[in-house]
Amino acid sequence: MTAVSNIMYFSNEGKLRKGENPMDVFETICDRRSARAFRPDSIPKEKIEEILKLTINAPSANNLQPWEFVVVMDEEKHRLSRKLTKAYQEKRLSCNSGAVKPLPKDIRQRGIQTLESMKAYADRIGVSIDDFVNEGSCNFYGAPVAIILCLDDCFSSRQMVDVGTAVGYLVLAAHASGLATCPIGLIADYADEIKDLLNIPENKKIVIGIALGYPDQENPMSQFRSPRADVNKLVRWI
């Protein structure tokens, strides 16, 4: 394990340069989607570090920059996937909204519509949608790199907004760099297993995981794109 500031790397073993023509920000936002099928190709540590350097430009309340990143690669990533998959098979804690009371009908319908759309692609690869989403999440959908975002327990839920903003920067920076991502919230339900394996202190909250890698365009799941609600249903003008 090596550490750089509040970024930790678990593994076996820059800057955007002028002339590289990074993707236009509007194009990046519109083109980026979550990947749920990755190639096993390894990613140079320098490329990951460059993405994280861009990520930490995200704004945060009082510039506290509360986010912490644990980057898991190589055999450590395989060990993490095996441990999470085993924990899922034992505990059967599944992906869910995390809502503390019943969802409004329109919001619930978005989730149902997404799963129904995804199921058609899961059927094509011969797996149930439940196994694909839950075991796939525990395996980071086969991505060679898992990034775990943590938050010190001295913070209130307000700083979750800051972490969420950093996630947005991370997935866009990765996409502009030619890599795919998938935010994975299920892993937070297996925080004890993650902390035990990666030696993460008890005072750190496991907030979310990010699968990072090159997308497997040959896999039918790579054709899936989740729908979006019409902006007029989400915005109130005063």
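Above this note sits the structure.
Residues numbered from 1 in each chain as written. Predicted model: local features only at pLDDT ≥ 70, side-chain atom pairs only at ≥ 80, totals over all residues. Heavy atoms only, no water.

1. Overview of the overall build of the protein chain
Along the protein chain, the regular secondary structure elements total 7 helices and 6 strands. Along the protein chain, helices and strands appear, N-terminal first, in the series β-β-α-α-β-α-α-α-β-α-β-α-β. Here the C-alpha radius of gyration of the protein chain, 18 Å, is about what a compact globule of 238 residues would show, namely 18 Å. In terms of principal-axis extent, the alpha carbons of the protein chain reach across some 50 × 45 × 40 Å. Per-residue burial for the protein chain yields a buried fraction of 40% across its 238 residues. In the structure as shown, the protein chain presents an accessible area of about 13,700 Å², 51% of it carried by carbon and sulfur atoms. (Helix = DSSP H or I, 4+ residues; strand = E, 2+ residues; numbered from the N terminus. Rg over C-alpha atoms; globule rule 2.2 N^0.38 Å. Buried < 20%, exposed > 50% of the residue type's maximum accessible area, 1.4 Å probe, protein only. Areas by Shrake-Rupley, 256 points an atom, 1.4 Å probe, with all protein chains shown as cover.)

2. Overview of the pattern of salt bridges
Under the criterion given, the structure shown has 10 salt bridges. In this structure, the salt-bridge partner of Glu 76 is Arg 79, at a minimum N-O distance of 3.2 Å. Here Glu 76 pairs with Arg 79, and both are found in helix α3 (residues 74-91), just 3 residues apart, close to one helical turn. A relative accessible area of 18% places Glu 76 in the buried class. For Asp 152, the salt bridge goes to Lys 204, with nearest N and O atoms at 2.8 Å. Taken together, the residues span a long stretch of sequence, with Asp 152 in strand β4 (residues 145-152) and Lys 204 in strand β6 (residues 204-213) at a distance of 52 residues. There is no split in this pair, since Asp 152 and Lys 204 are both buried. (Salt bridge = Lys/Arg side-chain N within 4 Å of Asp/Glu carboxyl O.)

3. Comments concerning the state of the cysteines
Taken as a whole, this structure holds 0 disulfides when the rule is applied. Take Cys 30: it sits in no disulfide, and the sulfur closest to it among the cysteines is that of Cys 182, at 19 Å. The class of Cys 30 is exposed, set by a relative accessible area of 57%. Just so you know, Cys 150 is unpaired, no disulfide at all, and the nearest cysteine sulfur is the one on Cys 154, 13 Å from it. (Disulfide = S-S within 2.5 Å.)

4. Here's the deal with the nonpolar core
Core analysis: the largest hydrophobic core is formed by 35 residues, its most contacted members being Leu 80, Phe 140, Ile 148 and Leu 198. For this core, the secondary-structure elements that each account for two or more residues are β3 (67-73), α3, α4 (105-124), α5 (129-138), β4, β5 (180-184), α7 (191-198) and β6. (Core = buried A, V, L, I, M, F, W, Y, C linked by side-chain atoms within 4.5 Å.)

5. Comments concerning the side chain of Ser 137
Relative to the helices and strands, Ser 137 resides in helix α5. Those residues in contact with Ser 137 that lie beyond four places of it in its chain are Cys 95, Phe 132, Ile 184, Leu 186 and Ile 187. (Contact = heavy atoms within 4.5 Å.)

6. Considerations on the environment of Gln 217
Among the structural elements, Gln 217 can be located in the segment after β6. By relative accessible area, Gln 217 is classed as exposed at 54%. The spatial distance from the C-alpha of Gln 217 to the C-alpha of Ala 166 is 27 Å, given a sequence separation of 51 residues.

7. Overview of the pairing of β5
Every other side chain in a regular strand lies on the same face of the sheet, so the side chains alternate between the two faces. Of all 5 residues in β5, 4 are buried, a share of seventy percent or more. As judged from the 5 bridges shared by β5 and β6, these two strands associate in the antiparallel manner. In the strand pairing of β6, Cys 182 is matched with Ala 211. (Pairing = 2+ DSSP bridges.)

8. Details of the packing of aromatic side chains
Aromatic ring pairs are reported here in terms of the distance separating the ring centres and the angle at which the planes meet. Scanning all chains against the criterion turns up 2 aromatic pairs. With 5.8 Å between their ring centres and 65° between their planes, Tyr 121 and Phe 224 make a pair best called edge-to-face. With a gap of 103 residues between them, Tyr 121 in helix α4 and Phe 224 in the segment after β6 connect regions that are remote in the sequence. Between Phe 132 and Tyr 141 the ring centres are 5.4 Å apart and the planes differ by 40°, which places this aromatic pair in the tilted class. For the pair formed by Phe 132 and Tyr 141, the shared burial category is buried. (Phe/Tyr/Trp six-rings, centres within 6.5 Å; stacked < 30°, edge-to-face > 60°.)

9. Remarks on the environment of Lys 204
The exposure class of Lys 204 is buried, given its relative accessible area of 14%. Expressed as a C-alpha distance, the spacing of Lys 204 and Trp 237, which sit 33 residues apart in the sequence, is 39 Å. The residues touching Lys 204, leaving out its near neighbours within four places in the chain, are Glu 68, Cys 150, Leu 151, Asp 152 and Lys 195.

10. Quick word on the packing of α3 against α5
The N-to-C vectors of α3 and α5 enclose an angle of 140°; their axes lie 7 Å apart at closest approach. Classed by the angle they form, the pair α3 and α5 counts as oblique. Seen from α3, the contacting residues are Ser 81, Leu 84, Thr 85, Tyr 88 and Gln 89; seen from α5, they are Asn 134, Glu 135 and Cys 138. The class makeup of the residues in the contact of α3 with α5 is 3 nonpolar, 4 polar and 1 charged. (Axes fitted to C-alpha atoms, helices over the stretch in contact; angles between N-to-C directions. Parallel < 35°, antiparallel > 145°, perpendicular 65-115°, else oblique. Nonpolar A, V, L, I, M, F, W, Y, C, P; charged D, E, K, R; others polar.)

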